[in-house]
Every structure is written in C-alpha cells, then in structure tokens.
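Okay, here's what each chain looks like letter by letter:
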Amino acid sequence: MNVVKKLFKAREISSFLCLLAMFLLVGLVNPSFLKPQNIMLCFNGSIVYILIAVGMAFVILTGEIDCSIGAQLGLAAAVCATFLKNEAPWGVAILLALLVGLVCGTINGFGVTVLHIPSIIMTLGTNGIYRGLIYVYTQGKWVENLPAGFKGLAQTNIFGNLCWFFVMDLVIMLLVFLYLRKTRHGKRFAAVGDNEMGADLIGIPVARTKMLAFIICGAFSALGAVLYVSRVGFVTAISGNGYEMKAIAACVIGGISLSGGVGTVAGATIGGIIMASISRLLVFLKISSDYDNTITGILLIAIVVIDSLAQRRSVEKARRERLAARVTETEGGADHE
Amino acid sequence: MNNFGKTMKSKLLSWEMLLVVVLVLEIIIFGQINPRFLRINVLMGSINDFISICVISLFVTFVMITGGIDIQAGSIIGLTSITVGMLWQDKGLNIWVAAIFAIVVGLLCGLLSGFFVAYTGVQPMVVTLGGSFLYSGLALAVVNMSSSEAYEGIGGFPESFMKLSSGNVAGIPNQLIIFIALIIISYILLHKTKYGRYVFLCGVNPSASEYSGIRVKPIIMSTYGLSGMSASIAGLILTSYLGSAKSDLGATYTLPIITAVVLGGTSNTGGKGGVIGTAIAAVVIGILKFGLNMSGMPSQYLDIPVGILLIVVLTFRMTSSNPAVVAKFKKLTGKK
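Per-chain numbering applies: the sequence of each chain, read as written, is numbered from 1 onward. Written order determines the labels here, with chains lettered from A and ligands numbered from 1. Thresholds applied to this predicted model are a pLDDT of at least 70 for local features of residues and 80 or more for the giving and counting of side-chain atom pairs; totals over whole chains, interfaces and linings are not thresholded and use all residues.

Chain B appears in an unreviewed UniProt entry as Autoinducer 2 import system permease protein LsrD from Hespellia stercorisuis DSM 15480. In its Subcellular location (unreviewed entry) section, the UniProt record describing chain B reads: "Cell membrane". UniProt positions are given in the numbering used here, feature names are shortened, and annotations may be inferred rather than shown by experiment.

An unreviewed UniProt entry lists chain A under the name Autoinducer 2 import system permease protein LsrC, with Hespellia stercorisuis DSM 15480 as the source organism. In its Subunit (unreviewed entry) section, UniProt records this for chain A: "The complex is composed of two ATP-binding proteins (LsrA), two transmembrane proteins (LsrC and LsrD) and a solute-binding protein (LsrB)."

Observations regarding the overall build of chain B
The helix count covers DSSP runs of H or I at least four residues long, the strand count covers runs of E at least two residues long, and both are numbered beginning at the N terminus. Along chain B, the regular secondary structure elements total 14 helices and four strands. The C-alpha atoms of chain B give a radius of gyration of 21 Å, which matches the 20 Å a tight globule of 336 residues would have. If one aligns the C-alpha atoms of chain B with their principal axes, the spans along those axes are about 70 × 55 × 35 Å. Once C-beta atoms are placed from the backbone, each residue is buried if 20 or more other C-beta atoms lie within 10 Å of its own, exposed if 12 or fewer, and partly exposed for counts between those two. Across the 336 residues of chain B, 50% fall into the buried class. Any pair of residues counts as being in contact when their C-beta atoms, constructed from backbone geometry, are within 7 Å of one another. Contacts spanning at least 24 positions in sequence make up 78% of the contacts within chain B whose residues lie at least 6 apart. A radius of gyration in this sense is built from C-alpha atoms; the matching globule rule multiplies 2.2 Å by the number of residues raised to 0.38.

Here we look at the overall build of chain A
Each helix and strand in chain A was counted, giving 15 helices and two strands. Taken over C-alpha atoms, the radius of gyration comes to 22 Å for chain A, in line with the 20 Å a tight globule of 337 residues would show. Dimensions of chain A, computed from C-alpha atoms along their principal axes, come out at roughly 90 × 55 × 35 Å. Per-residue burial for chain A yields a buried fraction of 49% across its 337 residues. Pairs at least 24 residues apart make up 78% of the contacts formed inside chain A by residues separated by at least 6 positions.

Examining the UniProt feature "transmembrane region" (unreviewed entry) in chain B
The feature "transmembrane region" (unreviewed entry), as given by UniProt, occupies residues 12–30, 42–65, 95–119, 172–190, 224–243, 249–266, 273–292 and 304–326 of chain B in the numbering adopted here. Annotated as 100% helix and 0% strand, the span residues 95–119 of chain B places its first and last C-alpha atoms 35 Å apart.

Some words on helix α7 (residues 174–192) of chain B
For α7(B), spanning 19 residues, the distance from its first C-alpha to its last is 26 Å, which sits close to the expected 27 Å at 1.5 Å a residue. Of the surrounding elements, those touching the buried residues of α7(B) are α2 (40–65), α6 (159–166), β3 (172–173), α8 (194–204), α10 (216–242) and α12 (275–294) of chain B. The span one expects for a helix is its residue count, reduced by one, times 1.5 Å.

Re the interface of chain B and chain A
Tallying the contact residues gives 39 residues for chain B and 44 residues for chain A. Secondary structure elements with two or more residues in the side of chain B that touches chain A: α4 (95–120), α5 (124–145), α11 (254–263) and α13 (303–320) of chain B. Per element, the largest residue contribution to the side of chain B that touches chain A is 14 residues, and it comes from α5(B). Under the convention adopted here, Pro, Cys and the residues Ala, Val, Leu, Ile, Met, Phe, Trp and Tyr are nonpolar, Asp, Glu, Lys and Arg are charged, and Gly plus all remaining residues are polar. Here the side of chain B that touches chain A is built from residues that sort into 24 nonpolar, 14 polar and one charged.

What to know about the packing of helix α4 (residues 47–61) of chain A against helix α12 (residues 206–232) of chain A
Residues and elements named next belong to chain A. Fitted lines through C-alpha atoms give the axes, limited to the stretch in contact for helices. The angle between two N-to-C directions lies from 0 to 180 degrees. One way to put it is that α4 packs onto α12 with a least axis distance of 8 Å and a crossing angle of 175°. By the angle between their directions, the pair α4 and α12 is classed as roughly antiparallel. Of the residues in α12, those in contact with Ile47, Val48, Leu51, Ile52, Val54, Gly55, Met56, Phe58 and Val59 of α4 are Ala213, Phe214, Ile216, Cys217, Phe220, Ser221, Leu223, Gly224, Leu227, Tyr228 and Arg231. In terms of residue class, the contact of α4 with α12 is made up of 16 nonpolar, three polar and one charged. Roughly parallel refers to an angle under 35 degrees, roughly antiparallel to one over 145, roughly perpendicular to one between 65 and 115, and oblique to any angle outside these ranges.

Remarks on the packing of helix α5 (residues 69–85) of chain A against helix α7 (residues 119–138) of chain A
Residue and element names in this part refer to chain A. In the contact formed by α5 and α7, the axes pass within 8 Å of each other and the chain directions differ by 20°. Considering their axes alone, α5 and α7 lie roughly parallel with respect to each other. At the point where α5 passes α7, the crossing takes the left-handed sense. Residues Gly70, Ala71, Gln72, Gly74, Leu75 and Ala78 of α5 lie in contact with α7, whose contacting residues are Asn127, Tyr130, Arg131, Leu133, Ile134, Tyr137 and Thr138. Split into classes, the residues belonging to the contact of α5 with α7 amount to seven nonpolar, five polar and one charged. By convention, the crossing between two helices is left-handed when the near helix turns anticlockwise from the far helix through less than a right angle, and right-handed when the turn is clockwise.

Quick notes on the UniProt feature "transmembrane region" (unreviewed entry) in chain A
According to UniProt, the positions carrying the feature "transmembrane region" (unreviewed entry) are residues 41–60, 90–110, 117–138, 158–180, 211–230, 242–258 and 291–310 of chain A. Taken end to end, residues 158–180 of chain A comprises 74% helix and 13% strand; its first and last C-alpha atoms sit 29 Å apart.

Comments concerning the environment of Val171(A)
Inspection of the secondary structure assignment puts Val171(A) in helix α9 (residues 164–182). Counting along the chain gives 62 residues from Val171(A) to Gly233(A), while the straight-line C-alpha distance between them is 24 Å.

A short note on the confidence of the model for chain B
When pLDDT is averaged across chain B, the result is 82; 90% of the residues are at 70 or more. In the model output, the complex is listed with pTM 0.84 alongside ipTM 0.80. Looking at any residue, its pLDDT shows the predictor's confidence there, from 0 to 100.

Some words on unusual backbone geometry
Residue and element names in this part refer to chain A. For Glu87, which is not a glycine, the phi torsion comes out positive at approximately 60°. Inspection of the secondary structure puts Glu87 in the loop between α5 and α6 (90–114). We note that His116 has phi near 60°; this positive angle belongs to a residue other than glycine. Assignment of secondary structure puts His116 in the loop between α6 and α7. By the C-beta count within 10 Å, which is 17 here, His116 ends up partly exposed.

What about the environment of Asn38(A)?
Residues and elements named next belong to chain A. Its location among the elements puts Asn38 in helix α3 (residues 36–45). The exposure class of Asn38 is partly exposed, given the 18 C-beta atoms found within 10 Å. On a C-alpha basis, the gap between Asn38 and Leu162 in space is 9.7 Å, while along the polypeptide they are 124 residues apart. Excluding residues within four positions of it along the chain, Asn38 makes contact with Ser32 and Phe33.

Observations concerning the environment of Ser289(A)
Tracing the sequence through the fold places Ser289(A) in the loop between α14 (265–284) and α15 (292–336). As for Ser289(A) and Ser279(A), which are separated by ten residues in sequence, their C-alpha atoms are 5.4 Å apart.

A short note on helix α13 (residues 243–253) of chain A
Counting buried residues along α13(A), eleven of its eleven residues qualify, which places the element largely inside the surrounding structure. Just downstream of α13(A) lies Gly255(A), where phi reads positive at about 90°.

This is the structure in structure tokens:
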C-alpha cells in the first residue's frame, strides 16, 4: 500500500500517465497503433533521445543547463563515423567518440564552474563552437559508407523487433537511477541543485559536482552519438542539430524541474520516449508529421504550466493548513483557561 | 545617488566606447586583408546579412533586463515570413496589409510566451523553448495550408516590398534607416520613459517593484511582446532581401542575438543594460562575421568566432566583477 502511495506521489507518474494517455487516444482512433510491433518501433526510435535526456538530467538536477549537447553529439558522431569508415576497430572509434564528449563536457564545466559564466550562455556559445568544429572536421561533407556490421548493431532485435539498444538504455537508466537515489555520491547532484549554499555548508564540493555533471552529460551525448551513427548510418554537418532542445524538452516533460534538485532519470526516459513517439503518433492519426514541433511545443508549455500551477496550489494549501492548525491550537489553549 | 548615477553612466559609456573602438579596428583589419571590404557599397550592403540580428537584439535587451531570456525569436522570423507570403499569395491581400498582419502575429506570439512567463512563474527559458517549437511548427502548418511547396518558398513579391531591402534614401539603405529608427524608438522607450524605468526595476527586484505599486506582470509580458514584434520586423526585412518567404528562416539566430545583447553590456541576471550597447555590439558581430567571410572563411565556420567572443567577453566580465580576482590584480599591479 505504502509503495503504491509513494508511486502515485512521484512526479514521473504524471508523465507516464501522459504517455499512456497519448498511446490510448491514438489507439482509439487507429487500433493498429497499439500492436506490440508498433509500440516497439516507438521505443526503438527513442534510443538516442533517452541517453541524451539522462545525461541532460544530471546537469539540470544541479540547476544548470546544457544547450550544446546537439553539437557535442554531432561532433562525437562525426569522429566516430570517420574512424569507422577508415576501418579503425570499433572499440577505438567508440572510445574516441567518448573522449570527444568528455572533452566537450569538461570545457562546458570549466566555463560554468571556474569562469562563473551562466550555463545557458556558456553552452549557447560552445554549441556554436562545436557545431563549427564539425564543419571544420568533416569539411562539410557527408560521412557515409560505414561498415555494414556496425550499422547492423541497431538492426539487431530481441523480443520481436525491439532493438537491444533500448534494453541497454533501460539498464543504463536503472543503474543511473540507483546511483542518483541510493548512493551518497549520487545524491549530491540533486542536493546542489536544490540548495547550493546549503550543500556547500554541509561539505559537498559544489563546483566539482557541477563539473562532473557536465562531464557526464558530455559522455552520455557521446554514447548517444555512437547509437546515432549505428542507427542512422551516416553523419552530416547538421547531425544532431536541435537535439539539445529535444533533450531539455524530454527532461521537462519527464518532470525534472529546471530550477534544479527535483526529478529523476526515469522521468527523463519517459520524456525521451514521448519526444520520439510524437511524430509516429501523427502518422497513425493521418496528420502530416510537419506538426511534430507544434505538438511538442504545446505539450511542453502545457505540462510546465500545469505543473507550476499545481505546485503553487500545493504550497498555498500547505500554508493554509499550517495556519488552520495554529488557529485551532490557540483555540484549544483558550478552552483550558 | 547623483554621483552613483554619474559613475554608472561613465562606466557604461566607456564600455560602449570600447565597442566602437573594436568596430573601427575590425574595419581597419578586414580592410587590410581584403581592400574590397572598404568600399562603401560593400559595407552598406553587408548590413543585409545581419540586420535581423541587430533589430531583434535591440528588443531582446528589454527581456534580458527584466531577468528573462528569449530563445524563440528565430522561429518567429520564419513564422512571419511564411505568414506574409501566404496572406499575399493565397489570400490576395495587399502586401503591406499582409505585413501588418504578420507583425501582429509576431506580437501575439511574443505576448503568449510573455503571459506564461509572467503569470505562471515558469522559467523564461522553458517557455521560450516551448515557444520556439510551437512557432516553428506553426510556420510549417501555414506552409501546409498554402498551395506552394515548402522547400521552394513563396516568391515574386511586388517591387514596393522588395524596395524594403534594396532601396535607399539619399544613399542610405532602407534597412539601415529602419535600424536607426528602431534604435531611437527603443532608446527613448527604455531610457527616457516611465515604462523603461519599470523594466529596469522589474529586473533589479521584482517583489520590491510589486510592493511599490508597479504592475510587474504586464510589464514583463510586454517585453516579450516587443521582442516578438521586432522578430516580425526582422522577418519582413529578411523576406524582402531574399525575395522569398520560407518557414525556416532565422533558425540559427539564437546564438548571435544573445551574444549581441550580452556583448552590449546587458547583464544576464537582469537590471542592467542598454540598447545603444546592444546596437553597437550587434554591428560588431555582424561585421566580424562578414569580414571573416570576405577574408575567405567559409560561412559555416562563423559560429566558432562568435561563440568564442561570447565566452571571452563573459569571462572578462565575470572575473573583473569577482572581488577576489580584483584584489589579486591590485596586489599584482601594486607590487610592480
């Protein structure tokens, strides 16, 4: 009973219900949407989004933001694909992509924690820089003709046509979830985002935690890049463009508050699935997928506005209850006299 | 107080003077690299490349002074452009009527986001992120409603509309005149009226302003409306310059706009700033991109220097306002 109660109080549950409602509504209009095969395809579409949303969750939990992961993903993907094309061993290509992500994340973290530049402006700047570097690195050309074996990784399915990358994502998410919720070290991220001064006073290294968040975010976008390369099969200079906004939207839809400290990676994962499913939903509703962005925008604004109003209401309610309790207390005291 | 005001003014003036010096240096250096750059018609023509950034950043300054941020302006450009094209081609409206409609659309888009920022307390970043999705999606929806293909755009506008970007008055290009007019309007609005004072006060301390009887919420909302409207004006100029209405114009403008505002001396935490600085900074960035391009740098690379510029400026400002660093610096110079 307690567990169920706790579950319903969790912020992710509203995003999960939102996902469920979306699927059911579309299922009502077009029942073939609810076939397991199709739902698995929705999941397959979200493998990159989930990873970058989980990475982004670290940064947002600490109260910062990273607007550069789209370019980080693109740069890591370009490096990974170029090495694959030149017949480097897969491991080398993947490690180099990760290295790119780590370096990009470190630069962001350095700007935010050491130079004290506001994260949104720092990462807007680095987004432009990294994106420009992709053009420099690829000379604006497409990176294609990748080894078929590597592309085949994303086509390898388990359980019908569910890609094994999705299961890997879920495992990674679960590990991160446990790390953030159950370990002392992992709890630091939310603590810093919730109350920076307080975290500092109880001895949490605030700057180092934020730095780590940016580095982890970079690593996750690099990992996302590897999956992107395998799934899409080619990389262009605009690969990953706008993914930063999708990742932020996924986190917000998943119930992570941009003011920091609130939310879980499970929510981010659900948000990622929602973001990836919207265009597919539209296809089944026989609406042009051009409306993808419109729906995303409406969903995003609606969710945050409702959330904010609900929060304000609960704060008001708590205050009224406190007040009422105080009033009855004094009344009780008067009776005794 | 008076003294304080004076020092503030001199400080700001010096920052703006610095920007002017940077601008002159830029022109001299690029002139050395490529003498063609110094021709007056080339310089005047270059404004076509960055006029949108100049116009929008003027009014995004208002938003950032209230402590907000606006990352949706780019998508309003596209929405305006395709709206004006659609109204003119499919609905047969007069082009200027269509233009006024488009400006109203931009204003409404801005006000909608502003409403959510001001009245629900959601962070401006999230709201304008949602707005950028929404308005770019709406632009595509408008394309679907119209009879033309999305990738082609709508072209063949009347001569009078094309004059908006190609004509000139006494040798000064029309869009430069529009820019100067908007600088004057925004300067008066921000620095010479009660409304402008309120905008600053909302940025310094919203609750204190609320208690002193300023209606903070409508003022915050209005700044987003202004920035949406300026994005529409930029969209019109851009449509006229390119000769075709497209839904994806301006998608990459967020970085240069924010850079211009921050480089112009507006504080990202609100309460400080000015439009003159923004105007000069926008031109500095525009000339930098244009000059680098003329010196042979491919245009796709141009976000690298802009991004570096943004970070360097902020590093400089953050460290110079950090008391520990200032003390160290004084010690160092003192020892010398």
